Amino acid sequence: LAVKLQELRDLPAETTDGVHVQMLGNIEFPSEVEHCLARGADGVGLYRTEFLYLTGGSEPTEDEHYEAYASVMKAMGDRPVVMRTLDLGADKLPHLPTPEDERNPFLGLRSIRLALKHVDMFRTQLRAMLRASVHGELKIMFPLVSTLIELRRAKMVLADAMEDLEEEGVPFDRNLKVGMMVEVPSAVLMMDHFVEEVDFFSIGTNDLIQYALAVDRSNKDVAGLYTAAEPAVIKLIQMSVDAANAGGKPISMCGQMSGNPLYTMLLLGLGLRALSATPAALPEVKRVCRSVSIKRCQKVAAHTLRLESARDVKNYLREELNRLL
Ligand code: PEP
Ligand code: MG
């Protein structure tokens, strides 16, 4: 089997009825680009840039950011790279002043909220990303957006950074695409508005599950309640994909769910055509894509959407997968 998965690297993730699925890698460190290439990824679908803040003892400088981002861009050549702006707080604790005694850190000052509170730090990172955009197809993605105003504020900081670079005569890609993560239920409900204001979306199921089900993703006492198979979660994904498609904006998925072959048929059936996962998971997911037709996936999705519990969903998807492989 190992050899077979290795052979898959150079084969396209194409369904038996000829639909291409984009396979992207999630990375945290620039060196992980090698894993993406080794697994035949079509690009990087999620570059978690937090590591720069979590390693060194002080806030990274613009040049330190730039060096990391430029190395990823150069290694990926002409393949697209989605860089997520800082997603610190809650489970990713930085050395900068965050409230230490937050009672509900996942509902607190994290991610885009933290970035908008520390605009200088945010601008530093955005400048570095813009500078790195001359090396390939770089896209910028904002995490944990929960309201339109929040998105607009983030876009304004980006527009300011662009204007500054322009004035300084520093080159960057003027047409770079700007997207957002869909990982808060309020964003799903407002998708018809968000489609007007971003170029692309990526569903972050790790957070979407916890916010949809009110289950802390890091609390082992409630880990049994935390699952992508919960019908409510699947409905939120369906709503997101439908709204993005209706608005003509590409949508992918980058949470753990997209790297689990159990869900591949369901996700294709719901209309997803781009999946981003930890590179090691890509060959298995690709194998499912290459073994099934979209028509069959649509039937699987339609049936799944009628089920009432996570247990039923898991049992059904497991049966379907066993039948396939
Ligand atoms: C997610 O929430 O699904 C996601 C991809 O982001 P992270 O796991 O970094 O919060
Ligand atoms: Mg997240």
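Above: the structure in question.
Because the structure is predicted, anything quoted here is derived from the model rather than measured. (Residues numbered from 1 in each chain as written. Chains lettered and ligands numbered in written order. Predicted model: local features only at pLDDT ≥ 70, side-chain atom pairs only at ≥ 80, totals over all residues. Heavy atoms only, no water.)

Comments concerning the environment of Arg48
By secondary structure assignment, the location of Arg48 is in strand S2 (residues 43-48). Owing to a relative accessible area of 16%, Arg48 belongs among the buried residues under this scheme. Sequence separation between Arg48 and Val82 is 34 residues; the distance between their C-alpha atoms is 9.2 Å. Once you skip the residues sitting within four places of it in the chain, Arg48 turns out to touch Asn26, Ile27, Glu28, Arg84 and Asn206. (Helix = DSSP H or I, 4+ residues; strand = E, 2+ residues; numbered from the N terminus. Buried < 20%, exposed > 50% of the residue type's maximum accessible area, 1.4 Å probe, protein only. Contact = heavy atoms within 4.5 Å.)

So, a nonpolar patch on the surface
Taken together, the side chains of Leu189, Met190 and Met239 make up a nonpolar region of the molecular surface, amounting to roughly 270 Å² of accessible area. For Leu189, the location among the structural elements is in helix H8 (residues 185-189). (Patch = residues over 30% accessible without salt bridge, like charges linked within 9 Å, V, L, I, M, F, W, Y side chains within 5 Å. Areas by Shrake-Rupley, 256 points an atom, 1.4 Å probe, with all protein chains shown as cover. Salt bridge = Lys/Arg side-chain N within 4 Å of Asp/Glu carboxyl O.)

Here we look at the packing of helix H6 (residues 119-132) against helix H7 (residues 148-168)
The contact between H6 and H7 brings their axes to 9 Å, and the two run at 60°. Classified by the interaxial angle, the pair formed by H6 and H7 is oblique. Taken as a pair, H6 and H7 cross one another with a handedness that is right-handed. Residues Val119, Phe122, Arg123, Leu126, Arg127, Leu130 and Arg131 of H6 lie in contact with H7, whose contacting residues are Ala154, Val157, Leu158, Ala161, Met162, Asp164, Leu165 and Glu168. A per-class count over the contact of H6 with H7 returns 10 nonpolar, no polar and 5 charged. (Axes fitted to C-alpha atoms, helices over the stretch in contact; angles between N-to-C directions. Parallel < 35°, antiparallel > 145°, perpendicular 65-115°, else oblique. Left-handed = near helix turned anticlockwise from the far one by under 90°. Nonpolar A, V, L, I, M, F, W, Y, C, P; charged D, E, K, R; others polar.)

Observations regarding the nonpolar core
Judged by nonpolar contacts, the single largest core of 101 residues is most densely connected at Phe142, Phe201 and Ile237. Setting aside chain neighbours within four positions, we find Phe201 in contact with Met180, Val182, Met191, Phe194, Val195, Ala244, Lys249, Pro250, Ile251 and Ser252. Val82, Met141, Phe200 and Cys254 belong to the second-largest nonpolar core, a separate cluster that totals 6 residues. (Core = buried A, V, L, I, M, F, W, Y, C linked by side-chain atoms within 4.5 Å.)

Brief notes about the pattern of salt bridges
Here the structure, examined in full by the defined rule, presents 18 salt bridges. For the salt bridge of Arg131 with Asp63, the shortest nitrogen-to-oxygen distance reads 3.1 Å. Highlighted residues: Arg131 in helix H6 and Asp63 in helix H4 (residues 62-76), separated in sequence by 68 residues. A relative accessible area of 19% means that Arg131 is categorised as buried.

Topic: the site of ligand 1
Close to ligand 1 lie 14 residues; Arg48, Arg84, Glu183, Asn206 and Arg217 are nearest. With respect to ligand 1, the side chain of Arg48 contributes an N or O atom lying 2.7 Å from an oxygen atom. At a separation of 3.4 Å, an oxygen atom of ligand 1 approaches a polar backbone atom of Gly204. Notes on ligand 1: free accessible area 290 Å², of which the protein chains cover 99%. The residue inventory of the shell around ligand 1, partitioned by class, reads 3 nonpolar, 4 polar and 7 charged. (Near = heavy atom within 4 Å. Polar contact = N/O pair within 3.5 Å; in protein donor to acceptor, adjacent residues only side chain to side chain.)

Some words on the coordination of the magnesium ion (ligand 2)
Protein ligation of the magnesium ion (ligand 2) involves Glu183 (OE) and Asp207 (OD), the donor distances falling in the range 2.0 to 2.2 Å. Within this pair, whereas Glu183 is found in the loop between strand S5 (178-182) and H8, its partner Asp207 is found in helix H10 (residues 205-213), the two being separated by 24 residues in sequence. A relative accessible area of 2% means that Glu183 is categorised as buried. Judged by relative accessible area, Asp207 falls into the buried class, the value being 2%. (Donors = N, O, S within 2.8 Å, 3.2 Å for Na, K, Ca; no water.)

Quick look at the packing of H4 against H6
One can describe the packing of H4 onto H6 by two numbers: an axis separation of 8 Å at closest approach and a directional angle of 35°. Handedness of the crossing formed by H4 with H6: right-handed. For the pair formed by H4 and H6, the contact residues are Glu62, Asp63, His65, Tyr66, Tyr69, Ala70 and Met73 on the first element and Thr124, Gln125, Arg127, Ala128, Met129, Arg131 and Ala132 on the second. Its residues assigned to classes, the contact of H4 with H6 comprises 7 nonpolar, 3 polar and 4 charged.

Topic: the state of the cysteines
With the rule as written, the count across this model stands at 0 disulfides. Residue Cys36 stays outside any disulfide, its sulfur separated by 13 Å from that of Cys254, the closest cysteine. Among the cysteines around Cys289, which has no disulfide bond, Cys297 carries the closest sulfur, lying 7.6 Å off. (Disulfide = S-S within 2.5 Å.)

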